[in-house]
Amino acid sequence: MQSSNSSITIFHNPACGTSRNTLALIRNSGEEPRVVEYLKTPPGKETLVELLAAMKMQPRALLREKGTPYAELGLADPKWTDEQLVDFMLAHPILINRPIVVTPLGTRLCRPSEEVLGILPSPQKGPFTKEDGEVVIDAEGRRVKPAA
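J.: Please give an account of helix H1 (residues 17-28) that cites residues and values.
T.: In this model, H1 (12 residues) spans 16 Å end to end at C-alpha, consistent with the 16 Å of a helix rising 1.5 Å per residue. All of the buried residues along H1 are Ser-19, Asn-21, Thr-22, Leu-23, Leu-25, Ile-26 and Asn-28. Here the buried face of H1 lies against strand E1 (9-12), strand E2 (34-37), strand E3 (100-103), strand E5 (128-129) and strand E6 (135-137). Directly beyond the C-terminal end of H1, a positive phi value near 90° is found at Gly-30.

Encoded structure:
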């Protein structure tokens, strides 16, 4: 059963496998989240600062390096303040790592995608296999721990 008024939001990039897997895990719990394609609809400064605070994360920890202007902008330089880093993320939303999921149980950067399981209010409804073939949830809806 899907709720029509979900209390879950995902800041999503459909081109990202981790983001797609996270969205699929949310849906596997019976929820249809509010999907914010943050590259098309970037969060405002207040929202981004609130997300960082909710995750207890410094802006530098949320920066994505791969496939972004991180190196060209010189963002590895420690001279940049938190506020400046937030401004860079607002100017170049691709710098915001993803997916970020907000639920009544918390806010997390869900890398790897299984991180979302700790903040979903409803259990998994059935089996789930990631795009790469890794089984995450068994037929009974239980988490499958990866082999050590």
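J.: Could you give an account of the environment of Ala-139, naming the residues involved and the relevant values?
T.: With respect to the helices, strands and loops of the structure, Ala-139 is situated in the segment after E6. For Ala-139, the residues in contact, after removing those within four places along its chain, are Gly-126 and Pro-127.

J.: Give me the lowdown on the nonpolar core, citing residues and values where you can.
T.: Leu-62, Leu-75 and Ile-100 are the most contacted members of the largest nonpolar core, which totals 21 residues. Those elements that place two or more of their residues in this core are helix H2 (45-54) and helix H4 (82-91). When residues of this core are assigned to their parent elements, the largest contribution, four residues, is made by H4. For Leu-62, the contacting residues outside a window of four places in its chain are Leu-48, Leu-52, Met-55, Met-57, Met-89, Leu-95, Ile-96, Asn-97, Ile-100 and Leu-109. With 13 residues, the next largest nonpolar core counts Leu-23, Leu-25, Ile-26 and Leu-120 among its residues.

Conventions used here
Residues numbered from 1 in each chain as written. Predicted model: local features only at pLDDT ≥ 70, side-chain atom pairs only at ≥ 80, totals over all residues. Heavy atoms only, no water. Helix = DSSP H or I, 4+ residues; strand = E, 2+ residues; numbered from the N terminus. Expected span 1.5 Å × (residues − 1). Buried < 20%, exposed > 50% of the residue type's maximum accessible area, 1.4 Å probe, protein only. Contact = heavy atoms within 4.5 Å. Core = buried A, V, L, I, M, F, W, Y, C linked by side-chain atoms within 4.5 Å.

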